[in-house]
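Close look at the chain arrangement
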Amino acid sequence: MQIGTDTRAVVTGASRGIGLALASALGERGARVGMIARGEAELKAASEGVVGASALCADVVDRDSLEKRIGEFREREGEVDLAIANAGVAHYGPYRDLDREQAERMIEINFIGTLNLVDAVLPAMLNRGSGHLVVVSSGAGLRAFPWAAVYGATKAAQKAFAEALRHELSGTGVSLTSVFPGEIHTSLHDHERDRMPDWYKSKNAIGPEVVADAVLAGVEADRREVHVPRQVRLLGLNDLFPGLVDRLLVLLRGGASAPRRY
Ligand SMILES: NC(=O)c1ccc[n+]([C@@H]2O[C@H](COP(=O)([O-])OP(=O)(O)OC[C@H]3O[C@@H](n4cnc5c(N)ncnc54)[C@H](OP(=O)(O)O)[C@@H]3O)[C@@H](O)[C@H]2O)c1
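Bear in mind that the values here come from a model prediction, so they are computed numbers and not experimental data. Numbers given for residues are sequential positions, taken from 1 along each chain in its written order. Since the coordinates come from a predicted model, pLDDT governs what is reported: local features require at least 70, and pairs of side-chain atoms require 80 or more to be given and counted, while whole-chain, interface and lining totals use all residues. Think of the side-chain values as coming from all heavy atoms in the structure, minus any hydrogens and water.

**Quick notes on the packing of aromatic side chains**
In summary, the pairing rule links any two rings of Phe, Tyr or Trp, Trp by its six-membered ring, whose centres are within 6.5 Å, and it sorts them by plane angle into stacked for under 30 degrees, edge-to-face for over 60 and tilted for everything else. Within the structure shown, the criterion is met by 5 aromatic pairs. Seen in terms of ring centroids, Tyr 92 and Trp 199 are 5.9 Å apart; in terms of plane orientation they differ by 45°. Their pairing is tilted. Placement of the pair is Tyr 92 in the loop between strand S4 (82-85) and helix H4 (100-128) and Trp 199 in the loop between strand S6 (174-181) and helix H6 (208-220), with a sequence separation of 107 residues. Grouping residues by exposure puts Tyr 92 and Trp 199 together as buried. Ring geometry for Trp 199 versus Tyr 200: centroids 6.3 Å apart, planes at 65°, classification edge-to-face. Both residues of the pair, Trp 199 and Tyr 200, belong to the buried class. Three or more aromatic residues joined by ring pairs form one cluster here, namely Tyr 92, Phe 145, Tyr 151, Trp 199 and Tyr 200. Above the plane of the ring of Phe 145 lies Arg 143, whose end atom (NZ or CZ) is 5.1 Å from the centre. Where helices and strands are cited, they refer to DSSP runs of H or I of at least four residues and of E of at least two residues respectively, numbered from the N terminus. Burial here depends on accessible area, computed with a 1.4 Å probe over protein chains only, as a share of the maximum for the residue type. Under 20% is buried, over 50% is exposed, and the range in between is partly exposed. Here, a charge over a ring means that NZ of Lys or CZ of Arg falls within 6 Å of the ring centre while also lying within 35 degrees of the ring normal.

**Brief notes about the pattern of salt bridges**
Take a side-chain nitrogen of Lys or Arg and a carboxyl oxygen of Asp or Glu: if they are within 4 Å of each other, that pair is a salt bridge. Across all of its chains, the model carries 19 salt bridges by this definition. Glu 163 serves as the salt-bridge partner of Lys 159, at 2.9 Å between the closest nitrogen and oxygen. Of this pair, Lys 159 and Glu 163 both sit in helix H5 (residues 149-168), 4 residues apart, which is roughly one turn of that helix.

**Quick word on the packing of H4 against H5**
Axes here refer to lines fitted to C-alpha atoms; in helices the fit is confined to the stretch in contact. Angles between the N-to-C directions go from 0 to 180 degrees. For the pair H4 and H5, the least separation of the axes is 8 Å and the interaxial angle reads 20°. What the angle tells us is that H4 and H5 run roughly parallel. Here H4 and H5 pass one another in a crossing that is right-handed. Contacts between H4 and H5 involve Ala 103, Met 106, Ile 107, Asn 110, Phe 111, Thr 114, Leu 115, Val 118 and Leu 122 from the former and Val 150, Tyr 151, Thr 154, Lys 155, Ala 157, Gln 158, Phe 161 and Leu 165 from the latter. Each angle receives one of four descriptions, namely roughly parallel if under 35 degrees, roughly antiparallel if over 145, roughly perpendicular if within 65 to 115, and oblique otherwise. Note on convention: the crossing is left-handed when the near helix lies turned anticlockwise from the far helix by less than a right angle, right-handed when the turn is clockwise. Here, two residues are considered to be in contact whenever any of their heavy atoms come within 4.5 Å of each other.

**Concerning the sheet that holds strand S2 (residues 32-37)**
When DSSP finds two or more bridges between two strands, those strands count as paired. The strand order S3-S2-S1-S4-S5-S6-S7 describes an open sheet built from 7 strands, whose pairing is parallel. Of all strands in the sheet, those bounded by a partner on one side alone are strand S3 (53-57) and strand S7 (225-228). Between one strand axis and the next, the sheet turns through 15° on average, direction left out of account. In the sheet, strand S1 (residues 8-12) pairs with S2 via 5 bridges, with the strands oriented parallel. Its bridge partner lying in S2, Val 11 is registered against Met 35. Packed onto the sheet, helix H2 (residues 40-48) meets S2 and S3 and runs at close to 170° relative to S3.

This is the structure in structure tokens:
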């Protein structure tokens, strides 16, 4: 699909970070954008800075309220052409210390929230025979890292779901692109900056606008996958050569990225 003035898009997690960069990039192309997040004041302020945007305050875990907000957007703007499942949270730390409620909340927001967005838009896309879904996973979904066991699992779950769904949608006019960002400069880890694992290198982080541009180009080219930065793709080698990827990571990220190999 081509993104332009007749595109109607919804983006979850759009009040800041990658989601806000996506909404802004869509707005710049003239699209009508429904921006979804929980925090009402932050979302409203963010949407006021994006051309053609409206704030749809909802928790992606709350299926009814998500569908209701998207229904209101649909009544105002028309059917959704592009839906981006981007909302996500992270809680890092050794699994044995991870609070069980936080772990379950991550699974709900990152994975169930993705299903909820797809459920809210896919039936109408299939009826019209057109539309595009985007699932924002992570490099951590390609190779899970120590201290991110549950986060990595939610991202791998998104990857598997999106991969199968893209195949299932063959011939329907609806497509799907999976996105695998590396370290991006956002507020994702702001609540845990003082206890990030040693392999995490925030100085390498790139701007969320770079992700947004790559995603929109990926949608327009109907790419199966988008990796930003491109070298994130190498983490996919882990399925075939885990020892090699461990060695590579130790070189680039230090021993904390693969302590078991010794
Ligand atoms: N930053 C990175 O390095 C990185 C790398 C790889 C992948 N990713 C993925 O990229 C996505 C976006 O992350 P980000 O880095 O942009 O994070 P961020 O700056 O923390 O933004 C997260 C956004 O999601 C929203 N959100 C969180 N929980 C939600 C819920 N239950 N319902 C609706 N909205 C919710 C937040 O708003 P409210 O809190 O107000 O709801 C906010 O708008 C996530 O899926 C993340 O896993 C990020």
